[in-house]
Amino acid sequence: MWLKRHRRYSVTSNRRRRNKLSVTLCNLGVGATFGESILHDLPRDSTVVTKTTCELLRVEQQDFRLIFEKNKELMNDIITNCRLKNGFGQSMQTTSTVQTNVQQQPSPTKKQLSPDHPNPAAPITEIPSPAMSRMGWALRTLLVSDNTSCLKDRKVGGKFIRKCAPGTELVEWLLNLSPIVHTRTQAAGMWQALLEEGVLCHVAKEQPFKDKCFLYRFKSDEDGTAGGAPTSDDVNHANEHIREALPALLHRGPDATLRMILRKPSHERTQEELELVYEELLHIAALSHLSTSIKRELASIIVFEAHAHAGTVLFNQGDEGRSWYILLKGSVDVVIHGKGTVATLKEGDDFGKLALINDAPRAATIVLKENNCHLLRVDKEHFNRILRDVEANTLRLQEHGKDVLILERVAKQRGYSAFKYTVMSGTPQKMLEHLLETRLGGQAGPNDPFLDDFLLTHIVFMPTPLLIDELAANYHADADIDLRQASEEDQEYFLTSKRRVVQFIQRWVLAVRHAVFDDPLAVEFIEELATDVEAEPALQEEASIIHHVLTQLSRYQEDRQMNATQKWKLPPNGQPICLFSGNTHSKTVIRPDDDIIFRVYCADHTYCTLRFPMATTAEVIKACAADKLQIARLPEDLLLVEVKSSGERVVFKDNDVSVPTALSLNGRIFVSPKDHLDALTPLPEQEVPTEAPDVDFEALSTKDVAYHMTLFDWDLFWAVHEYELLYHTFGRHHFNKITSNLDVFIRRFNEIQYWVVTEIVSTTNLTKRMSLVKKFIKLAAFCKEYQNLNAFFAIVMGLSNTAVSRLSMTWDKLPSKFRKLFTEYEALIDPSRNHRAYRMSVGKLQPPVIPFMPLLLKDMTFAHEGNKTSLDGLVNFEKMHMMAQTMRAVRFCRSRHLVLDPPSPKNENEIRNYIRCFRTIDNQRVLNSMSQKVEPRRS
């Protein structure tokens, strides 16, 4: 009820069973609300007595629940604001205390947060960390020293609250404080990080930090330890600390926001919050085997749990199993009676999973090994309900008593799919049949993923020859039927089948481009299909489609003839692969039939020079090299090996292809008898920098270097086909396909990274070395501006290499502006939480983008190793969808052409030649030794 008019109500607590004692808890004025317990079917915990004539607004329970369910967050805000404005929130705190004393039982009036959902307004640590305490002190100092700031003494509900401010104004102030805070969401996350550490608190201890008109204050003001007004020295120190430490707080914001969401009860999580949790769950290895629908359901019920002290027992051996846990931070010991500690689980590990499936007691005791352990918890009843719901929404199609296609009903999600069912698994033939029947002929929406997923990943489960056979069978379904005797319905069915096959070919070519035209079987089928379609009068529209495909094919074949068989070389002194001759300034794709010239060494470092097509197997290369080097052994007794500059040896499989491009940065190919493998040692030139143009990097314009690096890297990225990610993940030998373009692009990342390290540790003069570090930080900034994130990561990782990071004298001499910038960049490449900072940043970019390729490959490997390709004889299409998502990310990054404003033409040719081949050492031991020489370890 809302009190509309006239004086006031008195709220009293009764002890009716023992005696007639009644205690007045508070008085409510106009605008106050009461009776919210009807939402939760709780009994009235107090008696409300009118003190004067009153008028009220009343909402019946059924209507209130309906409104609340539709507007949960808004209604919570209204109720809480009304409590704060009238002192009712504070009074309810008092109510609980008085009733505990009088009734000896907790009050149900204030919503009780069960252990299942810890209070999101409460800190997750008992004592704030020194870093967060210092940050809270600095922020409060600046707020208090600013007479116009929002931190003021206020009267709330008849109580005087010192130094508090609304959340909206705190967010606004933080946005104005530093340019590194770009959005209100970022600022709110930073304040939440302080709140969960106990540095900041809601005045009524009811709310996490929200960008709303709730009041917050620093803990030091609440407990009276803040001290007097800050001095000018305090303000200067606070400003200096903010400049240094604010990026770290910015980095903590998203995690704090996520923890806040995970501490909310399910019904209080908004759709946007559920989507944020779901995105996080996608990158947790322990959940990788679960379907998308289960992960989406888990997003609403999974709970965050924090434990402050090492030695805390989470559960005991023999206890009833009720929950499944995933470690986010810290470690736990697994203890078994009579055996002691049998294992230690760390971040990313999970335990207690069997409790969700059967009713067996706990098989071990779990003891926290560290302070401040963070976990995710899934309770058994929720998980079992989810599994029941998923099974109820599953449709199984069977043939001859066996499942051939498993579909799952999906809730319609904005921009996702117009279909009621999504494919979970199936036989390749049945999935293709389902696709042709439901996703072609104008039925597929622009955002439906099934067709695109199939086209991008079919080579894993349905090789092109099998796909061509099935398409031909669908197109010629009427081959054995006399159409003159067929009904109109049958004739229309056969025509529809033909149309769908033609549309499939169109979408196939659009999705994977030249990969279709590179396959002779696919080209032959398309040409035969074109002849058949043109002979069908009823397929005029399809004839136009197939004619357009033939035009694309003809244009592609003409381009191939102009660049028939290209010749590449792998230079002997560690330089990157390059064309033997010809144009080096245009996009050039390495093809399987291109020749490459390279050296193969034996144990005494003598070598032979070979020329083979890229697709040549390691078996052929080792046999030919052994013959030329006169190694008198049978082929089965020989190995083809890469020897890295560090001395590490990597053996190639006999069916490996694109061997020369698969080498590491300064690796060499050796052939050796199996029993002489230990005799292989690096060449002397592998210990020194690779050969490169003799150019003074410091004399070049940093922006010009970044510009030409981006153009060069873009050409390398453009040459990588999405299929190469699949070949790399599953093993190129399984497909007998090369990954040379991807190999070259990955090598480029390592080349840039070690170039940065090599240049810095090769500079003996301290001032010049500091200047070089500063130039590389500027180069990273320009690469980031050009959205060349692959080079940006490589440069920052090079600067973070131990051989560089230990140069304390160099870093101390670096201006604070550049130290601060580098700290921001380190936070952006931070690998924690599966590179969450980078993922959030890149998610806001528009193409063209050169992405951080090693992370995309990690995502592919994560999906591959965490999920079986086949489940009960059916293709696990959920896995194909996960992989297609990563492949789509590659396609999205280059969905627009790269157009950059060119810098001044000064030194253009010199810079272009310089950035194509950097001077590098990739032996970490050598780099560390050089680092020790330029800055010896201080005693």
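None of these values were measured; they are calculated from a predicted model.

Reading the values: rules and limits
- Residues numbered from 1 in each chain as written.
- Predicted model: local features only at pLDDT ≥ 70, side-chain atom pairs only at ≥ 80, totals over all residues.
- Heavy atoms only, no water.
- Axes fitted to C-alpha atoms, helices over the stretch in contact; angles between N-to-C directions.
- Helix = DSSP H or I, 4+ residues; strand = E, 2+ residues; numbered from the N terminus.
- Parallel < 35°, antiparallel > 145°, perpendicular 65-115°, else oblique.
- Contact = heavy atoms within 4.5 Å.
- Nonpolar A, V, L, I, M, F, W, Y, C, P; charged D, E, K, R; others polar.
- Buried < 20%, exposed > 50% of the residue type's maximum accessible area, 1.4 Å probe, protein only.
- Pairing = 2+ DSSP bridges.
- 1 Å grid on protein atoms, 1.4 Å probe; cavity = no way out; pocket = protein on both sides within 12 Å on 5 of 7 lines; lining within 4 Å.
- Points joined across faces, edges and corners; volume = space filled by probe spheres on them.
- Core = buried A, V, L, I, M, F, W, Y, C linked by side-chain atoms within 4.5 Å.
- Disulfide = S-S within 2.5 Å.
- Phe/Tyr/Trp six-rings, centres within 6.5 Å; stacked < 30°, edge-to-face > 60°.
- Lys NZ or Arg CZ within 6 Å of the ring centre and 35° of its normal.
- Polar contact = N/O pair within 3.5 Å; in protein donor to acceptor, adjacent residues only side chain to side chain.
- Salt bridge = Lys/Arg side-chain N within 4 Å of Asp/Glu carboxyl O.
- pLDDT = per-residue confidence, 0-100.

Participant: Break down the packing of helix 14 (residues 464-475) against helix 15 (residues 488-512) for me, citing the residues and quoting the values.
Facilitator: At a minimum axis separation of 8 Å, helix 14 and helix 15 run at an interaxial angle of 150°. One finds that helix 14 runs roughly antiparallel with respect to helix 15. Contacts between helix 14 and helix 15 involve Thr464, Leu467, Ile468, Leu471, Asn474 and Tyr475 from the former and Ser497, Lys498, Val501, Val502, Phe504, Ile505 and Trp508 from the latter. Among the residues making up the contact of helix 14 with helix 15, the classes are represented as 9 nonpolar, 3 polar and 1 charged.

Participant: Break down helix 12 (residues 428-438) for me, citing the residues and quoting the values.
Facilitator: With 8 of 11 residues buried, helix 12 lies mostly within the body of the structure. Among the residues making up helix 12, those that are buried are Pro428, Lys430, Met431, Leu432, His434, Leu435, Leu436 and Thr438.

Participant: Provide a residue-level description of unusual backbone geometry, including the pertinent values.
Facilitator: If a residue is not glycine, its phi is most likely negative; likewise, a peptide bond is most likely trans. Along the chain, Pro847 connects to Pro848 via a cis peptide bond; the corresponding omega equals 5°. Of note, Pro848 is situated in the loop between helix 29 (832-842) and helix 30 (853-865). Unusually for a residue other than glycine, Gln630 sits at a positive phi of about 60°. Along the chain, Gln630 turns up in the loop between helix 19 (618-628) and strand 25 (638-643). Using a relative accessible area of 72% as the deciding quantity, one classes Gln630 as exposed. Even without glycine at this site, Ser658 takes up a positive phi of about 50°. Residue placement: Ser658 occurs in the loop between strand 26 (649-651) and strand 27 (668-673). Taking relative accessible area as the criterion, Ser658 reaches 0% and is therefore assigned buried.

Participant: Tell me about the sheet that holds strand 19 (residues 402-409), residues and numbers included.
Facilitator: Ordered in space as 18-19-20-29-28, the 5 strands form an open sheet in which the pairing is antiparallel. The open sheet has two edge strands with one neighbour each: strand 18 (394-399) and strand 28 (870-871). Two elements, strand 18 and strand 19, share 6 bridges in a ladder whose sense is antiparallel. Opposite Thr394, over in strand 19, you have Glu408 as the bridge partner.

Participant: Just give me the short version of empty space enclosed by the protein, but keep the residues and values in it.
Facilitator: Space left empty within the atom packing is revealed by a probe, the size of a water molecule, rolled over the atoms. Enumeration over the complete set of coordinates arrives at 4 cavities of 30 Å³ or more. There is about 140 Å³ of room inside the largest cavity. If you list the elements that add at least two residues to the lining of the largest cavity, you get strand 23 (595-601) and strand 27. Looking at which element gives the most residues to the lining of the largest cavity, the answer is strand 23, with 3 residues. Looking at the lining of the largest cavity residue by residue, the class counts come to 8 nonpolar, 5 polar and 3 charged.

Participant: Residue-level account of the nonpolar core, with values.
Facilitator: Residues Phe504 and Trp508 are the most contacted members of the largest nonpolar core, which totals 161 residues. The biggest single contributor to this core is helix 23 (residues 740-761), with 11 residues. Residues Met132, Leu151, Val199 and Leu200 belong to the second largest nonpolar core, which totals 38 residues.

Participant: Explain the environment of His434 to me, using residue names and the numbers behind them.
Facilitator: Looking at the element boundaries, His434 is found in helix 12. Taking the relative accessible area as the measure of exposure, His434 reaches 12% and is therefore buried. On a C-alpha basis, the gap between His434 and Val423 in space is 9.0 Å, while along the polypeptide they are 11 residues apart. In contact with His434, other than residues within four places in its own chain, are Leu405, Leu407, Val423, Arg439 and Phe450.

Participant: How would you summarise the state of the cysteines if you had to cite specific residues and measurements?
Facilitator: Working definition of a disulfide: a covalent bond connecting the sulfur atoms of two cysteines. Applying the stated criterion across every chain yields a total of 0 disulfides. Summary of cysteine pairing: Cys578 is not part of a disulfide, and the nearest cysteine sulfur, belonging to Cys917, is at 8.1 Å. Note on Cys602: no disulfide assigned, nearest cysteine sulfur contributed by Cys608 at a separation of 8.3 Å.

Participant: Describe the sheet that holds strand 8 (residues 200-202), listing the residues and the values that go with them.
Facilitator: Taken in spatial order, the 4 strands make up an open sheet running 6-7-9-8, and their pairing is antiparallel. Because the sheet does not close on itself, it has two edges, and the strands there are strand 6 (152-156) and strand 8. For this sheet, the mean angle separating the axes of adjacent strands, direction not counted, is 60°. Pairing between strand 6 and strand 7 (residues 159-166): 4 bridges, direction antiparallel. Considered in strand 7, the bridge of Val156 is made with Lys159. Where helix 5 (residues 167-177) meets the sheet, it contacts strand 6, strand 7 and strand 9 (215-218), and its direction lies at approximately 40° from that of strand 7. Helix 6 (residues 184-196) rests against strand 8 and strand 9 of the sheet, and its axis sits at about 95° to strand 8.

Participant: An account of the packing of helix 23 against helix 30 is needed here, citing residue identities and associated values.
Facilitator: The description of two packed helices rests on the angle between their axes and on the distance between the axes. One can describe the packing of helix 23 onto helix 30 by two numbers: an axis separation of 10 Å at closest approach and a directional angle of 125°. One finds that helix 23 runs oblique with respect to helix 30. Residues Leu742, Phe745, Ile746 and Phe749 of helix 23 form the contact with helix 30, whose participating residues are Met853, Pro854 and Leu857. Here the contact of helix 23 with helix 30 is composed, by residue class, of 7 nonpolar, no polar and no charged.

Participant: Describe the environment of Asn384, and please don't skip the residues or the numbers.
Facilitator: Turning to its location among the elements, Asn384 is positioned in helix 11 (residues 380-392). Asn384 sits in the partly exposed class, given a relative accessible area of 22%.

Participant: A description of the packing of aromatic side chains should follow, citing residues and the corresponding values.
Facilitator: To describe a pair of aromatic rings, one takes the distance between the centres and the angle between the planes. Applying the stated rule across the entire model yields 37 aromatic pairs. Ring geometry for Tyr325 versus Phe351: centroids 5.3 Å apart, planes at 15°, classification stacked. On the criterion of sequence distance, the pair formed by Tyr325 in strand 12 (residues 323-329) and Phe351 in strand 15 (residues 350-351) is long-range, its members being 26 residues apart. Note on accessibility: Tyr325 and Phe351 belong to one class, buried. Measuring from ring centre to ring centre gives 4.9 Å for Phe793 and Tyr838, while their planes differ by 85°; the resulting arrangement is edge-to-face. Remark: Tyr838 occurs in helix 29 and Phe793 occurs in helix 25 (residues 789-800); sequence separation between them is 45 residues. An aromatic cluster is defined as three or more aromatic residues linked by ring pairs; in this entry it consists of Phe450, Phe454, Phe461, Phe504, Trp508 and Phe877. Over the aromatic face of Tyr278 sits the side chain of Arg296, whose NZ or CZ is 3.9 Å from the ring centroid. Across the ring face of Tyr475, the terminal group of Lys498 is positioned such that the distance to the ring centre comes to 4.3 Å.

Participant: Go over the side chain of Ser323 with me, naming the residues and quoting the values.
Facilitator: By the element assignment, Ser323 lies in strand 12. Within the structure, the side chain of Ser323 is placed 2.7 Å from the side chain of Asp379, a separation counted as a polar contact.

Participant: Could you give me a rundown of the pairing of strand 10 (residues 303-307), with the residues and numbers involved?
Facilitator: Counting buried positions along strand 10 gives 4 out of 5 residues, so the element sits mostly inside the fold. Taken together, the 5 bridges between strand 10 and strand 17 (residues 373-379) define a ladder with antiparallel strand orientation. Residue pairing across strands places Val303 opposite Arg377, the latter belonging to strand 17.

Participant: Describe the pairing of strand 12, naming the residues involved and giving the relevant values.
Facilitator: With 6 of its 7 residues buried, strand 12 lies for the most part within the structure. As paired strands, strand 12 and strand 15 are joined by 2 bridges and run antiparallel to one another. Looking across to strand 15, one finds that Ile326 is bridged to Asp350.

Participant: Describe helix 5, and please don't skip the residues or the numbers.
Facilitator: For helix 5, the full list of buried residues reads Gly167, Leu170, Val171, Trp173, Leu174 and Leu175. On its buried face, helix 5 is in contact with helix 4 (130-145), strand 7, helix 6 and strand 9.

Participant: Got a sec to walk through the pattern of salt bridges? Specific residues and values, please.
Facilitator: A complete count under the given rule lists 40 salt bridges for this structure. Where Asp255 meets Arg836, a salt bridge forms, and the shortest distance between an N and an O atom there is 3.2 Å. Placement of Asp255 in helix 8 (residues 232-262) and of Arg836 in helix 29 is noted, with a sequence separation of 581 residues between them. One salt bridge in this structure joins Arg912 and Glu908, with 2.7 Å as the shortest N-O distance. Here the residue Arg912 and the residue Glu908 both occupy positions in helix 32 (residues 908-915), the gap between them amounting to 4 residues, near one helical turn. Note on Arg912: relative accessible area 18%, which makes it buried.

Participant: Any details on the confidence of the model for the protein? Residues and values, ideally.
Facilitator: Per-residue pLDDT for the protein has a mean of 85; in total, 86% of the residues score no lower than 70. Throughout residues 13-20 the model reports pLDDT below 50, and contacts reaching past four residues in sequence, or to other chains, amount to 15 contacts.

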